[in-house]
Amino acid sequence: MVGLSVSGLVVGYGPADEILKGLDFAVDEGEIVAVIGPNGAGKSTLLKAIAGLLRPSQGSIMFDGAAIGGRPAREVCRLGLAYVPQENNIFPNMTVRENLEMGGFADRTNTRSRVEAIFGWFPMLAEKRRQPGRALSGGERQLLAMAMGLMVEPRILLLDEPSAGLSPVAAERLFEQIVAINREGLSVAMVEQNAREALDIASRAYILVDGRNSRSGPAGELAADPDIQRLFLGL
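Not measured: the values here are computed from a predicted model.

## Thoughts on helix α3 (residues 96-103)
In an α-helix, one turn spans 3.6 residues, which is why side chains three or four residues apart end up on the same side. Of the positions making up α3, those classed as buried are V96, N99, L100 and G103. Viewed along the axis of α3, the buried residues span an arc of 100°, placing them on a single side of the element. Considering only its buried residues, α3 is in contact with α4 (111-121), α5 (123-127) and α6 (138-150).

## Things to note about a negative patch on the surface
A surface patch of negative charge is lined by E172, E176, E197 and D200. For the negative patch, the elements supplying multiple residues, two or more each, are α7 (168-183) and α8 (195-201). For E197, the position within the fold is in helix α8.

## Some details on the pattern of salt bridges
Per the counting criterion, the structure on display carries 11 salt bridges. Where R71 meets E75, a salt bridge forms, and the shortest distance between an N and an O atom there is 3.1 Å. Two residues, E101 and R97, come together in a salt bridge whose shortest N-O distance is 3.5 Å. Taken together, the positions of E101 and R97, both in helix α3 and 4 residues apart, correspond to about one turn of that helix. Look at E101 and you get partly exposed, because its relative accessible area is 29%. Classification of R97 by relative accessible area gives partly exposed; the value is 21%. What emerges from the salt-bridge pattern is a single network uniting R97, E101, E116 and R129.

## Looking at the sheet that holds strand β4 (residues 58-63)
Read from one edge of the open sheet, 4 strands run β2-β1-β4-β5, paired in antiparallel fashion. Two strands close off the open sheet at either side, each with one partner strand: β2 (17-28) and β5 (66-67). As paired elements, β4 and β5 share 2 bridges and run antiparallel to each other. Paired with M62 across the bridge in β5 is A67. Strands β1 (3-14), β2 and β4 of the sheet are contacted by helix α1 (residues 43-51), whose axis makes an angle of about 110° with β1.

## Examining the sheet that holds strand β9 (residues 204-209)
Whether parallel or antiparallel, the strands of a sheet pair through hydrogen bonds between backbone atoms. Strand order in the open sheet formed by 6 strands is β6-β7-β8-β3-β9-β10, and the pairing between neighbours is mixed. Each of the sheet's edge strands pairs with one partner strand only, and the pair in question is β6 (81-84) and β10 (212-218). Between one strand axis and the next, the sheet turns through 15° on average, direction left out of account. Bridge analysis of strand β3 (residues 32-36) against β9 gives 4 bridges, and the strand direction is parallel. Each residue of the ladder has a partner; that of V33, found in β9, is R204. Running at roughly 145° to strand β7 (residues 156-160), α1 makes contact with β3, β6, β7, β8 (187-191) and β9 of the sheet.

## Examining α6
The end-to-end C-alpha separation of α6 is 19 Å, in line with the 18 Å expected for 13 residues at 1.5 Å each. Summarising burial for α6: 11 of the 13 residues are buried, a large majority. Within α6, burial applies to G139, E140, Q142, L143, L144, A145, M146, A147, M148, G149 and L150. Its buried side turned inward, α6 meets β6, α3, α4, α5, β7 and α7.

What counts and how
- Residues numbered from 1 in each chain as written.
- Predicted model: local features only at pLDDT ≥ 70, side-chain atom pairs only at ≥ 80, totals over all residues.
- Heavy atoms only, no water.
- Buried < 20%, exposed > 50% of the residue type's maximum accessible area, 1.4 Å probe, protein only.
- Helix = DSSP H or I, 4+ residues; strand = E, 2+ residues; numbered from the N terminus.
- Arc of directions from axis to C-beta.
- Contact = heavy atoms within 4.5 Å.
- Patch = residues over 30% accessible without salt bridge, like charges linked within 9 Å, V, L, I, M, F, W, Y side chains within 5 Å.
- Areas by Shrake-Rupley, 256 points an atom, 1.4 Å probe, with all protein chains shown as cover.
- Salt bridge = Lys/Arg side-chain N within 4 Å of Asp/Glu carboxyl O.
- Lys, Arg positive; Asp, Glu negative; His and termini not counted.
- Charge placed at Lys NZ, Arg CZ, Asp CG, Glu CD.
- Pairing = 2+ DSSP bridges.
- Axes fitted to C-alpha atoms, helices over the stretch in contact; angles between N-to-C directions.
- Expected span 1.5 Å × (residues − 1).

Right under this line is the structure:
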């Protein structure tokens, strides 16, 4: 059973720079968990700490009962956590297929079969397998970045602002793909500025404000809350 649990997490980019201030967070098996909140709330910092890109100064990050806080990113990836950053998340001069091969760097076994499985999930990428990443649209690049994360056969996919900069149509297709991946049994933790759509597809959600937990609970209940609608959903 997948279990990611974050407790009392304190993380910053320097000794006097605390971004997360005692944060709690969890992802259970089969969930899509959304993380929303204002700019600067610490949403992306949370994912980077889980992925091993930032070292916590306090608190714990547990995955399947093992402490992973502060472990190298490569090791965290091999344990089953794949992080997809918001920017610079593909190799623009490499073909789609080469990008996927690079995505599987942590485990080179069965690369060919994994690439073909990804093409089965993403027919658009299969059609453009020989095209360079720079030739893809913004939405296609985000799908490729997500597919690269799937190449390590993760148990939890960590998505940082996947719909950033996309048109409404491209964002809708991306969210549909996230739901389809989740239906295959993969858990997803997703940081999103597009709060309304994120809450629509999530099982649970956390609202962060100033590096702390502001609210959490079933996504549908949060989406129906008048205060959250006013502050984060533009309703």
